[in-house]
Amino acid sequence: MRIYGLTLIFLLISSGLAFSQPEGFVTGTVVDSVSREPLAFVSILYNQAGHGVVTNLDGVFQIPRSNKIQFLKFRYIGYNSKTIAFPGGFRNGQRIALSPDPLDIKEVVVYPTVNPAHRIVQLASENRNRNNPEKSGPFSYISYDKMVFGVEPDSAMNDKPADSSELALQLPDSIPFGMDREGKIDVQRFLDKQYLFMMESVSSRKYISPEKNKEEIIASRVSGLSQPSFVVMARQFQSFSFYENFVTIADRQLLNPISSGSTDKYFFLIQDTLFTETNDTVFIISFRPYKGRNFDGMKGVIYINSNGYAVQNVIAEAYEQKDERVSVSIQQQYELVNGQRWFPVLLSSTIRFNPSKMGVKAPPGYITGTGKSYIVNINFNPTIDEEKFSNVQIEVSPDAHRQPEQVWRTYRTDSLNAREVETYRVIDSLGKAEHLDRTMISFETILTGYLPGRYWSFDIRRFIDYNPYEGFRFGAGGKTTERVSRFFTIGGYAAYGLKDKEWKYSGSLTLNLWPDKELETAITYRNDVRESGGVQFNEEWNITGSAFVRDYMVEVMDLTRETGVSAGFRTLKYLSVKGFLIHSELSPTNGYAYSLSEGNPQVSLTSFNITETGLRLKYAYKETFMKSPRGNKFSMGTSFPVLYLNVARGLNWLNGGYTYWRTEAKITKNFRTKSFGETRVAVISGMVNGSVPYSRLYAGMGSYRSFTLETEQSFGTMRFNEFLSDRFVSLHVKQNFGKLLFKPRGKFQPEMALVHNLGFGLLKEKDPHENIEFNTLEKGYFEGGLLINNLLKVQLFRYGLGVFYRYGPYAYAKTIDNFAFKLTLQFNL
């Protein structure tokens, strides 16, 4: 979801708080002398006692009034230190500017003693669970979030005058400042007056350890949009806290510098030490990966407080930016709330888009977004109704986008400045003219596989398809929208294969009985083709995976005419159930015949009437979702294994000719380790009890072509329909080492993965199956693969190469026949 959020933010842009002064303190602000932007976590020593404070995310510092300020000493990594004397006392609200002095953290070897930073980092690591807010008890809070986007000039373009033709928009009747009637923008005047885009939200979160979580967005406002759908998908660009083994920054999982054993992977250097009014020590430590260590790491500065050796502040970003188009850095600030627990109070993310690398015409420079979350009303003993927790962790209140200004004034840390007010005025008017709401709804719907219209949403998978039997297949299909009815949906499609020269079509009526429980019932008719001897589970189509690629290579099909009724619902929180009763007429396309042993003479059938009823189950423990205001749910995944189970019974009802039991199961698990990267495991099995034709057996999961796309959860060297089984089990393991084995060199950043697949199977009855050749899997099928990913990046895709080798009892005598060469394809969102 974070990937989709980044993509959506850029789509919006291309379409289109000061800290309060508490009593008893004096305050000031530290800024960059060049950009005038506030500097977070600047160390400030005051007076001879050597006490110190740190600026917050807005660059604001506060010092007790009981201390008459004689001088302030400012220290910050990458900036020149500065000492200012105040003979007449410090004047409240002053701004202090520091000048940049870029500094690269040099690797230092200290002899004969160990690095003094290691003891502090190890103590912070040992106290991670104690200080982790999501492992130390229940809590609730209110969060006010604001994100603004503007243009950061390219340093190489500073002396080049902006070309006012860089941007051109279709303007509404009210022309904003800086534009002319032709829609051309004086870039500099436009950007000085307002931001490109901004959004605000207020959310209420309740949490009970270990993983009961509920966050409701109670107020939302997005420039150019009236609907809050975007807020859901654009959230969570960073982890809530800095204590897990891996920290999320945008779509990347980076090794935490205070994870166990981090001193063997990161170089640490104590940059400064502060002493607080409560006699605690704050250690300011810079970090980056050791040179020559290949892993996804971070660089930055961490502030560790000796009170519990907890993180007080952190500034971090990916050590090596994986993508030249987008980079993200984060800042976090913690406080010891009520003297009880350290807790995040301010979170900040900075996102930089490089339009020139994304093929988008824009002013010279970077589009930079800064988002801040202010966490208030923190309660460690909240009253929580556990019955209200569900698998939907984030959702939007129906009236979030209609909150009056009075509500916003309650939650904002400060009123909007003139530039922010102008942003809403200008971008809102542009949004109406450019129909941005419609664009966002379209984007949201596309993520579900549909292209929306007013009354009909088109299934994007139905426009064009391909397989060796049909050749290219063109068509259209979809379903009615909520504008037709929220209580029922009419769907269907029609398609024509250029090679088999046949029409296929389908129609369905679905009753949406209880949307919150996903309870629905449907009646369906289908006249189409389907893989003969294939397996289908209760899983969603995933465009970012590679398993669906195999569908484009299936050769042996069944001509299928079927009529069925079905019902689906969710129960036990994590269990999805689909029940069905289907009557099918099947005709294999490869000349297959099934011989019946009863009667004399023997009868061979080439088409089959099958009536089948059963269940398809999916159990994803702790799977969580985001829910948009339009009711679309987007999975945020689970760290636990996902189990799929099919149970079907063949009946002699409705002219059904076969009685049998058919059971399939699949379990998948993805996990990440510090030393080996990402591991993906899938175990698939199936069993048929009863005499059935080829269509209801298992034809293997081959995906062989001499050179084709790599496909997960299949056998890359196994030919299609090479084997036949009535019971089987297969194991598929992929170990993606990422950067652990290759040291990146500039833009060349290959990533290596190892694959191993094995399978066993049996077939009790071989004689009834005529006019086909097949083998059986009793001896075991084995293959291994090597993938080198990320060799080439082009726009939305990353390409690589791979090779698979078949070995063991079913290896071919000719060595070259055991090889299969693959092209790997990954989304680069």
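Scoring rules and cut-offs
Residues numbered from 1 in each chain as written. Predicted model: local features only at pLDDT ≥ 70, side-chain atom pairs only at ≥ 80, totals over all residues. Heavy atoms only, no water. Pairing = 2+ DSSP bridges. Helix = DSSP H or I, 4+ residues; strand = E, 2+ residues; numbered from the N terminus. Axes fitted to C-alpha atoms, helices over the stretch in contact; angles between N-to-C directions. Salt bridge = Lys/Arg side-chain N within 4 Å of Asp/Glu carboxyl O. Buried < 20%, exposed > 50% of the residue type's maximum accessible area, 1.4 Å probe, protein only. Arc of directions from axis to C-beta. Polar contact = N/O pair within 3.5 Å; in protein donor to acceptor, adjacent residues only side chain to side chain. Phe/Tyr/Trp six-rings, centres within 6.5 Å; stacked < 30°, edge-to-face > 60°. Lys NZ or Arg CZ within 6 Å of the ring centre and 35° of its normal. Core = buried A, V, L, I, M, F, W, Y, C linked by side-chain atoms within 4.5 Å. Contact = heavy atoms within 4.5 Å. Patch = residues over 30% accessible without salt bridge, like charges linked within 9 Å, V, L, I, M, F, W, Y side chains within 5 Å. Areas by Shrake-Rupley, 256 points an atom, 1.4 Å probe, with all protein chains shown as cover.

Asker: Could you give an account of the sheet that holds strand E7 (residues 94-98), with specific residues and numbers?
Answerer: On the basis of which strands lie adjacent, the open sheet formed by three strands has the order E4-E1-E7 and mixed pairing. The sheet is open, and its two borders are formed by strand E4 (60-64) and E7, each paired with just one other strand. For this sheet the average axis-to-axis angle between neighbouring strands, irrespective of direction, equals 30°. Where strand E1 (residues 25-32) and E4 come together, five bridges link them in antiparallel fashion. Bridge pairing in E4 links Thr 29 to Val 60.

Asker: Please provide a residue-by-residue account of the pattern of salt bridges, values included.
Answerer: Overall, the coordinates contain 30 salt bridges when judged by the stated rule. For Arg 526, the salt bridge goes to Glu 562, with nearest N and O atoms at 2.5 Å. Here Arg 526 is found in strand E27 (residues 519-531), whereas its partner Glu 562 is found in strand E28 (residues 557-571), with 36 residues between them in sequence. Of the residues examined, Arg 526 reaches a relative accessible area of 22% and is grouped as partly exposed. For Glu 562, a relative accessible area of 6% gives the class buried. With its nearest N and O atoms 3.0 Å apart, the salt bridge here joins Glu 664 to Arg 662.

Asker: Break down helix H2 (residues 116-126) for me, with residues and values.
Answerer: Residues that lie three or four places apart on an α-helix share one face, since the helix turns once every 3.6 residues. By the burial criterion, the buried members of H2 are Ala 117, His 118, Ile 120, Val 121, Ala 124 and Ser 125. Down the axis of H2, the buried side of the element spans an arc of 165°, and every buried residue falls inside it. Where H2 begins, one side-chain oxygen reaches toward the backbone nitrogen of Ala 117, 2.9 Å away; that side chain belongs to Asn 115.

Asker: Residue-level account of the sheet that holds strand E30 (residues 593-596), with values.
Answerer: The three strands lie next to each other as E31-E30-E41, forming an open sheet whose pairing is antiparallel. Since the sheet does not close on itself, it has two edges, and those belong to strand E31 (603-605) and strand E41 (769-770), each with one partner. As defined by bridge partners, E30 adjoins E31 across three bridges and the pair is classed as antiparallel. Directly across from Leu 596, in E31, lies its bridge partner Val 603.

Asker: Go over the pairing of strand E10 (residues 212-222) with me, naming the residues and quoting the values.
Answerer: Sheet topology places strand E9 (residues 197-208) next to E10; ten bridges connect them, and they run antiparallel. Paired with Glu 200 across the strands is Arg 221, a residue of E10. Hairpin connection from E9 to E10: three residues lie between these consecutive antiparallel strands.

Asker: Can you break down the packing of aromatic side chains residue by residue, with the values?
Answerer: Enumeration according to the criterion identifies 40 aromatic pairs in this entry. For the ring pair Tyr 141 and Phe 240, a centre distance of 5.7 Å and an interplane angle of 5° mean the geometry is stacked. Placement of the pair is Tyr 141 in strand E8 (residues 139-152) and Phe 240 in the loop between helix H5 (229-233) and strand E11 (246-249), with a sequence separation of 99 residues. Relative accessible area serves as the criterion here: at 5%, Tyr 141 is assigned to the buried category. Here Phe 240 falls in the buried class, since its relative accessible area comes to 14%. With 6.0 Å between their ring centres and 45° between their planes, Tyr 266 and Phe 268 make a pair best called tilted. Exposure remark for Tyr 266: the relative accessible area of 0% places this residue in the buried category. Members of the aromatic cluster, joined through ring pairs, are Phe 139, Tyr 141, Tyr 207, Phe 240, Phe 343 and Phe 380. Sitting over the ring of Phe 240, Arg 205 keeps its end group 4.7 Å from the ring centre. Cation over ring: Arg 341 sits above Phe 380, and NZ or CZ is 4.0 Å from the ring centre.

Asker: Break down the nonpolar core for me, citing the residues and quoting the values.
Answerer: Among the nonpolar cores identified, the biggest contains 47 residues, and Phe 61, Leu 72, Phe 74, Leu 98 and Phe 343 are the most heavily contacted of them. With residues up to four places along the chain from it excluded, the contact list for Phe 61 reads Val 26, Thr 27, Gly 28, Thr 29, Val 30, Ile 44, Val 53, Thr 55, Leu 72, Phe 74, Phe 90 and Ile 96. In terms of nonpolar packing, the next biggest core, distinct from the first, is built from 41 residues, Ile 249, Phe 268, Ile 285 and Tyr 309 among them.

Asker: Any chance you could break down unusual backbone geometry for me, citing the residues and the numbers?
Answerer: Within the chain, Lys 501 stands out as a residue other than glycine whose phi angle is a positive 55°. Mapped onto the elements of the fold, Lys 501 is located in the loop between strand E25 (488-497) and strand E26 (503-514). Exposure remark for Lys 501: the relative accessible area of 55% places this residue in the exposed category.

Asker: Lay out a nonpolar patch on the surface with the relevant residues and their values.
Answerer: A contiguous nonpolar patch, built from Tyr 455, Val 484, Phe 487, Phe 488, Ile 490, Leu 509, Leu 511, Leu 513, Trp 514, Ile 523 and Val 565 and spanning about 1000 Å² of accessible area, is present on the exposed surface. Residue assignment for the nonpolar patch shows that the elements contributing at least two residues are E25 and E26. The element contributing the most residues to the nonpolar patch is E26, with four residues.

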